[in-house]
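# Commentary on secondary and tertiary structure
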Amino acid sequence: MLTEIVEAIRYEAELSSVPTQWPIEEARQMGALWKVGLSPRTINDHLDESFEGAGAWWAGPPRGSGDVLAVAPDEFEVVVRYASTPVPGVGLLSLYPPRFLDTLAGLYESPFRGRRFLEVLAELETSSAEPRFQAPSPDAFPELRRAQREAFELLRYRFAYLWGPPGTGKTHTLGTMVAAFLQENPGKRVLLISSTNTAVDLSLVSVDTALARLPESMDDVWQLRRACKRVGVHFHARHYDRREHLLPRFNPELVREIARLQGSRPEPSDMQAYLEWKERIEKLQTELRSVARDVFSQSRLVAMTCARGEFSFTDLEDIGPFDLVVFDEASQVGLAHILPFLTVAEQALFAGDPRQLAPIVRAEDREVRRWLGRTAFDFMDVSRANAVILDEQSRMAEPISHIVSDAFYDGRLKVCARAAADPRWRRDRAGAAVEILKIPAEGRGTKTGYCRAESAVRIAEAVREALRTFAAKEIAVITPYRLQRHLIRKELLLLGIRNVEVQTVHRSQGSERRAIFFDPVLGSHRAVSDRLVNVALSRAQARLVIAFSRGDLLNPRLARIYELCARPMQYNVLS
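## Section: the sheet that holds strand β4 (residues 64–72)
- What the six strands build is a closed barrel, ordered β1-β2-β5-β4-β3-β6; its pairing is antiparallel. Geometrically, the sheet is characterised by an average inter-axis angle of 45° between neighbouring strands, direction not taken into account.
- Two elements, strand β2 (residues 33–38) and strand β5 (residues 77–81), share four bridges in a ladder whose sense is antiparallel. For Trp34, the partnering residue across the bridge sits in β5 and is Val80.

This is how it looks when you write it as structure tokens:
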């Protein structure tokens, strides 16, 4: 089985790291840098920020190489630095993504480690719901709802699952649980892992916020907060303003400078300004890039991304087992990534939502899907005591909540009674509605992606109308496809609308707005999955507008949502 796992990881690594070749349209030298305009060759070619840091190679003449400093996705431009020869204005530019999965494969190739990983997998597969530990008390946090208080009991088990649908306060619940665990168990340590830097930041800040609410008479609270550390330099500095104690090096001036720069990020289309900004950010981050071994051994809580934990796995092993490992957004972490961390912890808590975005896996291979596409939630049994679903949400108004609950959560999700009784909550969701925009045309594929010009125009007009009720910052437009995002932005600009955010679905998870406009573009395409649609719709607080064509209704989930929307009084169908 170890051989199968390693082969699956290596196969995905090879596929993820296969160089993509882009026709060069132009190349201009900018001092020591080269700005290179590219063009896609197929409908599936997408250039995004994930290529930053990629290796670059060109055949020339003369042959040369460098690395990608910056990417402007909408303009299909990259900036190459450390060029060994001049970048030609014609030919092909090959981009080689970083090979992060090689580190994971190396862990499984160690025989001793590999056996331990398989042993813990067997535990996970057969784990009973028999309590083995003492659960902390939720009494220090009286605001917690019924299911949130029940979630504290999860810390009695070797493996436990906190299922947090959108708006149910999963991150807040997790923060209070970890804070109580640390406070009530002075000798115990926690490892906090997530797939993205943003999720790590939000979870750690939630823990720190909960710790700060513990009684001030407890002299050790401040020391406990200082014993929680964020490992890694790619944090979002704005989260650490006045929380510099969470970083390995206490340097508030440096953190504030990074936060200031991150808050003033230029558009990549202004390439010169963006390059200067990026180089300044990299220089400051390098000053923080000295996480020493004693951070792991001296901290009560260590928070990092999954990738960083894999790079540091030897240190995590050497300092002895953690008492608890917490995986936030565990529904996005593949099984092969999870198993190593289970061998360095006495118990594990998986928090996330298995009905929202899944791990990103490129290969269609069965073994790759088995080991990198599955998650710990594949072993969850909601009928057992070691699983809790948070069933009260306070984000979505009733009409929106009803659709999301019925379509994705078997009717379990409901509006929190406490929130519904709050006059401010009701005021912010006054006039709540779900609207359908009927689009006569279907989405189509082009050389550079999928798009639907007709829905881009209709959505831009609907946004203009919504601006009479909502501020620009309260509105977001969400679509699965980058090309459609570009078209919608263009239509908004033609109407003089500049401050409304247009996002792809993957970039929208974790955010929320008072008004959400969703354009599936080509609902019948397999990319428009149930999970993706769930993420898009559940961002909305008070107004949800969905563009539908007849072809979109070939998607069974969208057809069900259309049926739910097409009701009088609460919902509007706009021809």
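## Some thoughts on the environment of Leu487
- Topologically, Leu487 is positioned in helix α19 (residues 482–494).
- Look at Leu487 and you get partly exposed, because its relative accessible area is 21%.
- Spatially, the C-alpha atoms of Leu487 and Arg464 are 16 Å apart, while their sequence positions differ by 23 residues.
- If sequence neighbours within four positions are ignored, Leu487 has contacts with Cys451, Arg452, Ala453 and Ala456.

## Quick notes on the sheet that holds strand β10 (residues 301–305)
- Sheet architecture is open: seven strands sit in the order β9-β10-β8-β11-β12-β7-β13, paired in parallel fashion. In the strand order of this sheet, the two ends are held by β9 (228–230) and β13 (387–389), each with one partner. Averaged over all pairs of adjacent strands, the angle between strand axes in this sheet comes to 15°, irrespective of strand direction.
- With four bridges joining them, strand β8 (residues 190–194) and strand β11 (residues 322–327) adopt parallel strand pairing. Residue Leu192 lies in a different strand from β11, and its bridge partner there is Val326.

## Let's talk about the pattern of salt bridges
- Within this structure, the stated rule accounts for 36 salt bridges.
- For Asp391, the salt bridge is made with Lys414, and the minimal N-O distance between the two is 3.2 Å. Taken together, the residues Asp391 in the loop between β13 and β14 (392–393) and Lys414 in strand β15 (residues 414–415) connect sequence positions 23 residues apart.
- Overlapping salt bridges, with partners in common, bring together Glu4, Arg366, Glu367 and Arg370 in one network.

## Observations regarding the packing of helix α1 (residues 2–17) against helix α2 (residues 101–109)
- Where α1 contacts α2, the two axes come as close as 9 Å, and the packing angle between them is 170°. Taken together, the axis directions place α1 and α2 in an arrangement best described as roughly antiparallel. Residues Leu2, Ile5, Val6, Ile9, Arg10, Glu12 and Ala13 of α1 lie in contact with α2, whose contacting residues are Leu101, Asp102, Leu104, Ala105, Gly106, Tyr108 and Glu109.
- For the contact of α1 with α2, the residue count by class is nine nonpolar, one polar and four charged.

## Overview of the pairing of strand β3 (residues 55–58)
- What you see with β3 is a clean split: Ala56 and Trp58 sit on the buried side and Gly55 and Trp57 on the side with no burial.
- As judged from the four bridges shared by β3 and β4, these two strands associate in the antiparallel manner. Residue pairing across strands places Gly55 opposite Asp67, the latter belonging to β4.

## Some words on the confidence of the model for the protein chain
- Looking at the protein chain, the pLDDT average stands at 89 and 93% of residues meet or exceed 70.
- Low pLDDT, under 50, characterises residues 568–575; the stretch is placed with 24 contacts to residues that sit more than four places away or in other chains.

## Regarding the nonpolar core
- In terms of nonpolar packing, the biggest core is built from 89 residues, with Tyr108, Leu191, Leu342, Phe350 and Ile561 touching the most fellow members.
- If we ignore the near neighbours within four places in the chain, the residues touching Ile561 are Ile403, Ala407, Phe408, Val533, Leu537, Ile546 and Phe548.
- By size, the runner-up hydrophobic cluster in this structure holds 54 residues, among which are Ala160, Phe181, Leu204 and Leu246.

What counts, and at which threshold
- Residues numbered from 1 in each chain as written.
- Predicted model: local features only at pLDDT ≥ 70, side-chain atom pairs only at ≥ 80, totals over all residues.
- Heavy atoms only, no water.
- Pairing = 2+ DSSP bridges.
- Helix = DSSP H or I, 4+ residues; strand = E, 2+ residues; numbered from the N terminus.
- Axes fitted to C-alpha atoms, helices over the stretch in contact; angles between N-to-C directions.
- Buried < 20%, exposed > 50% of the residue type's maximum accessible area, 1.4 Å probe, protein only.
- Contact = heavy atoms within 4.5 Å.
- Salt bridge = Lys/Arg side-chain N within 4 Å of Asp/Glu carboxyl O.
- Parallel < 35°, antiparallel > 145°, perpendicular 65-115°, else oblique.
- Nonpolar A, V, L, I, M, F, W, Y, C, P; charged D, E, K, R; others polar.
- pLDDT = per-residue confidence, 0-100.
- Core = buried A, V, L, I, M, F, W, Y, C linked by side-chain atoms within 4.5 Å.

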